[in-house]
Structure formats: C-alpha cells, structure tokens
Amino acid sequence: NPMGSIDEERVNYDDAVWEQARRLGMDPKKDNEFLWLAEESLRAPLPDGWEMASDEDRGLPYFYNESTGITQWDHPSDEQYRD
C-alpha cells in the first residue's frame, strides 16, 4: 500500500523533529509552537569545511571538519538554534 509508506515516512519524520527538539533543549509538548525551529535545524546546510558521515557501529550520523580535525555528533549549526 503506497499510502502506508507515506504515513510511515511522516511518522519517522515527526519522530526525528521531536528528537531534534529534545537535543536542542526543548520539551516538544510544551514548546510545540517552536517545533519549526527543530525542523529547520534538521534541514540546515553544513557550514563550509564540514562533512557528514555515518558511524557504522551505531548507524548514527556524525560531523567532521577536516581542516580543524573536529569530530562531533551534533550538527555544527545546532548551537545557533539553541540560542
């Protein structure tokens, strides 16, 4: 059923937005009006010099900057969304 897959993708996307909201310090239930910030941060482009890779053991994305040697779990732009 093609609609089932669309519904499943939407649920997965909503879960990702809620998880990102938590990572940014929000309570998704109380801060519902600000969930658009979490959604926007998920779509934020990487700053110059940053790359995204996947940790094969955990299956999670991480970010690294080859010129500075910095490796981190959080998207490099997340801090601007926490402010």
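Participant: If you had to explain the overall build of the protein to someone new, which residues and values would you point to?
Facilitator: Within the protein, the secondary structure is distributed over three helices and three strands. The linear arrangement of helices and strands in the protein, starting from the amino end, is α-α-β-β-β-α. Taking all 83 residues of the protein together, the buried fraction comes to 22%. Once local pairs closer than 6 in sequence are excluded, the contacts in the protein between residues at least 24 apart make up 30%. For the protein, the accessible area works out to roughly 6300 Å², and carbon and sulfur atoms hold 49% of it.

Participant: I'd like a description of the confidence of the model for the protein, backed by residues and values.
Facilitator: In the predicted model, the protein carries a mean pLDDT of 88, and the fraction of residues at 70 or more is 88%. Highest mean pLDDT in the protein belongs to strand β3 (residues 70–72) (96); lowest belongs to helix α1 (residues 2–23) (78).

Participant: Tell me about the sheet that holds β3, residues and numbers included.
Facilitator: An order of β1-β2-β3 is seen for the three strands of this open sheet, with the pairing classed as antiparallel. Looking at strand neighbours, the two that pair on one side only are β1 (50–55) and β3, the edges of this open sheet. On average, each strand axis in the sheet is tilted by 25° relative to the strand beside it, whichever way the strands run. Bridge count between strand β2 (residues 60–65) and β3: three bridges; the pairing is antiparallel. Each bridged residue has a counterpart across the sheet, and for Asn65 the counterpart in β3 is Ile70.

Cut-offs used in this document
Residues numbered from 1 in each chain as written. Predicted model: local features only at pLDDT ≥ 70, side-chain atom pairs only at ≥ 80, totals over all residues. Heavy atoms only, no water. Helix = DSSP H or I, 4+ residues; strand = E, 2+ residues; numbered from the N terminus. Buried < 20%, exposed > 50% of the residue type's maximum accessible area, 1.4 Å probe, protein only. Contact = heavy atoms within 4.5 Å. Areas by Shrake-Rupley, 256 points an atom, 1.4 Å probe, with all protein chains shown as cover. pLDDT = per-residue confidence, 0-100. Pairing = 2+ DSSP bridges. Axes fitted to C-alpha atoms, helices over the stretch in contact; angles between N-to-C directions.

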